[in-house]
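# Chain and residue survey
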Amino acid sequence: MSYKSCALCDTDGGELVWRGACLRVIRADEAGFPAFYRVIWNAHVAEFSDLSAADRQHCMDAVALVEQVLREQLAPTKINLAALGNMVPHLHWHVIARFDWDSHFPAPVWASAQRERVAANERELIRRLPALNAVLCQRLDRSLQKK
């Protein structure tokens, strides 16, 4: 059900990677950051504290699992986690694999670029994403569908 034309109620919010009963994982279309994922709570809630304790644990299990798979599959320099919701007040977590070669590193992805983008590195990362997404789906199915 849509809440006041909420973009994350009305659409998947990006390339759908996995959907469970309570949440979904998408890959966001963020230029320069091919391994930018979001864990989105399916029901419209604005804040993490709106969830029950069990649902908060379920959500954080998903965030941690996405982080873990990104680390295992891509060996990034760092993983950034954020739950802002200023632009879209629908609970979602950003899980972003960061690399020392990315245009903004070490600054946040929302800051000004520190250097030019490295297209070859971005293309190589994009090439690896289908295999990463397959592992992610398998692990999410195994870990979260039981809950």
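One can find the structure itself at the top, above this paragraph.
Every value quoted in this text rests on a predicted model; they were computed, and no experiment measured them. (Residues numbered from 1 in each chain as written. Predicted model: local features only at pLDDT ≥ 70, side-chain atom pairs only at ≥ 80, totals over all residues. Heavy atoms only, no water.)

## As for the packing of aromatic side chains
Short version of the rule: Pairs were defined over the aromatic rings of Phe, Tyr and Trp, the Trp ring being its six-membered one, requiring ring centres within 6.5 Å. Orientation was assigned from the angle between planes: stacked under 30 degrees, edge-to-face over 60, tilted for the rest. Only DSSP runs of H or I reaching four residues or more are called helices, and only runs of E reaching two or more are called strands; each is numbered from the N terminus. Only protein chains enter the area calculation, which uses a 1.4 Å probe; residues under 20% of their type maximum are buried, those over 50% are exposed, and those in between are partly exposed.
In the structure shown here, the tally under the stated rule is 3 aromatic pairs. Centre to centre, the rings of phenylalanine 36 and tryptophan 110 are 6.4 Å apart; their planes meet at 85°, and the pair counts as edge-to-face. Note that phenylalanine 36 is positioned in strand 3 (residues 36-41) and tryptophan 110 in the loop between strand 5 (92-98) and helix 3 (119-144), a separation of 74 residues in sequence. Exposure remark for phenylalanine 36: the relative accessible area of 1% places this residue in the buried category.

## Re the layout of surface pockets
Where we set the bar: Detection works on a 1 Å grid of protein atoms alone, calling trapped sets that fit a 1.4 Å probe cavities and calling open sets with protein on both sides within 12 Å along at least five of seven lines pockets, with lining residues defined by an atom within 4 Å of a point. Grid points are joined across faces, edges and corners, and a volume is the space filled by probe spheres set on the points.
Roughly 230 Å³ of volume is contained in the largest pocket. Arg38, Met87, Val88, His92 and His94 are the residues nearest the centre of the largest pocket, which is lined by 13 residues in total.

## Observations concerning the pattern of salt bridges
Where charged atoms from two side chains of opposite charge come close, those side chains can pair. What counts, and what does not: By definition here, a salt bridge exists when the distance from a side-chain nitrogen of Lys or Arg to a carboxyl oxygen of Asp or Glu is within 4 Å.
All told, the structure shown has 7 salt bridges when counted by the stated rule. Aspartate 12 is the salt-bridge partner of arginine 19, the closest N and O atoms lying 2.2 Å from each other. The salt bridge involving arginine 117 is made with glutamate 122; its shortest N-O contact spans 2.8 Å. Judged by relative accessible area, arginine 117 falls into the partly exposed class, the value being 46%. Judged by its relative accessible area of 8%, glutamate 122 is buried.

## Observations concerning the packing of helix 2 (residues 53-74) against helix 3
Any two packed helices are characterised by the angle at which their axes cross and by the distance between the axes. Stated precisely, the cut-off is as follows: Only the stretch in contact is used when fitting a helix axis, every axis being a line fitted to C-alpha atoms; angles between N-to-C directions are given from 0 to 180 degrees. If you view the pair so one helix is near and one far, a crossing is left-handed when the near helix is turned anticlockwise from the far one by less than a right angle, and right-handed when it is turned clockwise. Here, residues are in contact when the closest pair of their heavy atoms is within 4.5 Å. Ten residue types, Ala, Val, Leu, Ile, Met, Phe, Trp, Tyr, Cys and Pro, are classed as nonpolar, four, Asp, Glu, Lys and Arg, as charged, and the remainder, Gly among them, as polar.
Two elements in contact, helix 2 and helix 3, have axes separated by 10 Å at closest approach and are oriented at 140°. Considering only the axes of helix 2 and helix 3, their crossing is right-handed. Contact residues: His58, Asp61, Ala62, Leu65, Val66, Gln68, Val69, Leu70, Glu72, Gln73 and Leu74 in helix 2; Leu125, Arg128, Leu132, Val135, Leu136, Arg139, Leu140, Ser143 and Leu144 in helix 3. Along the lines of polarity and charge, the residues of the contact of helix 2 with helix 3 split into 12 nonpolar, 4 polar and 4 charged.

## Comments concerning the pairing of strand 2 (residues 23-27)
Quick reminder of the rule: Strand pairing is assigned whenever DSSP identifies at least 2 bridges connecting the two strands.
Most of strand 2 is tucked away: 5 of the 5 residues are buried. Both faces of strand 2 are covered, namely the face carrying Leu23, Val25 and Arg27 and the face carrying Arg24 and Ile26. The sheet contact formed by strand 1 (residues 15-19) and strand 2 spans 4 bridges and is antiparallel. In the sheet register, tryptophan 18 faces strand 2, and the bridge partner there is valine 25. Relative to strand 3, strand 2 is paired through 5 bridges, and the arrangement is antiparallel.

## Side note on the environment of arginine 127
Selection criterion: Within 3.5 Å is the distance limit for a polar contact, defined as a pair of N or O atoms, with the added protein rule that one can donate a hydrogen and the other accept it, and that residues adjacent in sequence qualify only through two side-chain atoms.
By secondary structure assignment, the location of arginine 127 is in helix 3. On the accessibility criterion, arginine 127 (57% relative accessible area) is exposed. Residues arginine 127 and proline 34, 93 residues apart in the sequence, show an inter-C-alpha distance of 9.9 Å. Within the structure, arginine 127 has its side chain in polar contact with the side chain of glutamate 124 (distance 2.6 Å).

## What to know about the sheet that holds strand 5
Strand order across the open sheet formed by 5 strands is 1-2-3-5-4, with antiparallel pairing between neighbours. At either end of the open sheet lies a strand with only one pairing partner, and these are strand 1 and strand 4 (78-82). Between one strand axis and the next, the sheet turns through 20° on average, direction left out of account. With 5 bridges joining them, strand 4 and strand 5 adopt antiparallel strand pairing. What sits directly across from leucine 81, in strand 5, is valine 95. Sitting on the sheet, helix 2 touches strand 2, strand 3, strand 4 and strand 5, and the angle it makes with strand 5 is about 15°.

Just geometry here; none of it tells us what the structure is for.
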